[in-house]
Amino acid sequence: MTIKHLRIFTEVCRQGSATRAAEALHMTQPAVSRAIREMEDYYHLRLFERDNQRLKLTECGHIFSERAARLVSEFDLL
């Protein structure tokens, strides 16, 4: 996993949407969705529940989002 993956994940959490996160990050929506899928595959867990166009954090996703936000913040301080 890279810091880019964590940034994408935290932005999707903040925006509640891969499409809005993609716009905020100046990326395409498929690239954002692919990064989230890569993270889920890497960690062997679901970070989001998908319901139509909405994304909702799973319990694991909530825990991961807190840690990811902290890591991104600490990385930005370097």
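Higher on the page you've got the structure.
Computed from a prediction, not measured in an experiment: that's the story for all the values here.

Caption draft 1: Layout of the environment of Thr10. With respect to the element layout, Thr10 can be found in helix 1 (residues 3-15). Sequence separation between Thr10 and His26 is 16 residues, and the spatial gap between their C-alpha atoms is 15 Å. Dropping the residues within four chain positions of it, Thr10 is found in contact with Ala68, Ala69 and Val72. Within the structure, Thr10 has its side chain in polar contact with the backbone oxygen of Arg7 (distance 3.0 Å).

Caption draft 2: Spatial organisation of the pairing of strand 2 (residues 54-57). Bridging between strand 1 (residues 48-51) and strand 2 involves four bridges; their strand directions are antiparallel. Residue Asp51 lies in a different strand from strand 2, and its bridge partner there is Arg54. Hairpin connection, strand 1 to strand 2: the antiparallel pair is bridged by two residues, and Asn52 has positive phi, about 55°.

Caption draft 3: Main features of helix 2 (residues 18-25). Regarding helix 2, the residues found buried are Ala18, Ala21 and Ala22. Considered in projection along helix 2, the buried side chains sweep an arc of 100° and stay on one side of the axis. Of the surrounding elements, those touching the buried residues of helix 2 are helix 1, helix 3 (29-43) and strand 2. The backbone nitrogen of Thr19 lies 3.2 Å from a side-chain oxygen of the residue at the head of helix 2, namely Ser17.

Caption draft 4: Fine view of a nonpolar patch on the surface. On the surface, Met1, Tyr42 and Tyr43 cluster together into a nonpolar patch covering about 290 Å² of accessible area. Note on Tyr43: relative accessible area 32%, which makes it partly exposed.

Caption draft 5: Quick peek at the layout of surface pockets. In this model, the largest pocket occupies a volume close to 220 Å³. If you list the elements that add at least two residues to the lining of the largest pocket, you get helix 2, helix 3 and strand 2. With five residues, the single largest contributor to the lining of the largest pocket is helix 3. For the lining of the largest pocket, the class distribution of residues is four nonpolar, six polar and three charged.

Caption draft 6: Highlighting unusual backbone geometry. In this model, His26 sits at a positive phi of 60°, which is unusual for a non-glycine residue. As for its placement among the helices and strands, His26 is situated in the loop between helix 2 and helix 3. Accessibility expressed as a relative area gives 75% for His26, which makes it exposed. Unlike most non-glycine residues, His44 shows phi in positive territory, near 55°. Along the chain, His44 turns up in the loop between helix 3 and strand 1. We classify His44 as exposed; its relative accessible area is 71%.

Conventions we followed
Residues numbered from 1 in each chain as written. Predicted model: local features only at pLDDT ≥ 70, side-chain atom pairs only at ≥ 80, totals over all residues. Heavy atoms only, no water. Helix = DSSP H or I, 4+ residues; strand = E, 2+ residues; numbered from the N terminus. Contact = heavy atoms within 4.5 Å. Polar contact = N/O pair within 3.5 Å; in protein donor to acceptor, adjacent residues only side chain to side chain. Pairing = 2+ DSSP bridges. Buried < 20%, exposed > 50% of the residue type's maximum accessible area, 1.4 Å probe, protein only. Arc of directions from axis to C-beta. Patch = residues over 30% accessible without salt bridge, like charges linked within 9 Å, V, L, I, M, F, W, Y side chains within 5 Å. Areas by Shrake-Rupley, 256 points an atom, 1.4 Å probe, with all protein chains shown as cover. Salt bridge = Lys/Arg side-chain N within 4 Å of Asp/Glu carboxyl O. 1 Å grid on protein atoms, 1.4 Å probe; cavity = no way out; pocket = protein on both sides within 12 Å on 5 of 7 lines; lining within 4 Å. Points joined across faces, edges and corners; volume = space filled by probe spheres on them. Nonpolar A, V, L, I, M, F, W, Y, C, P; charged D, E, K, R; others polar.

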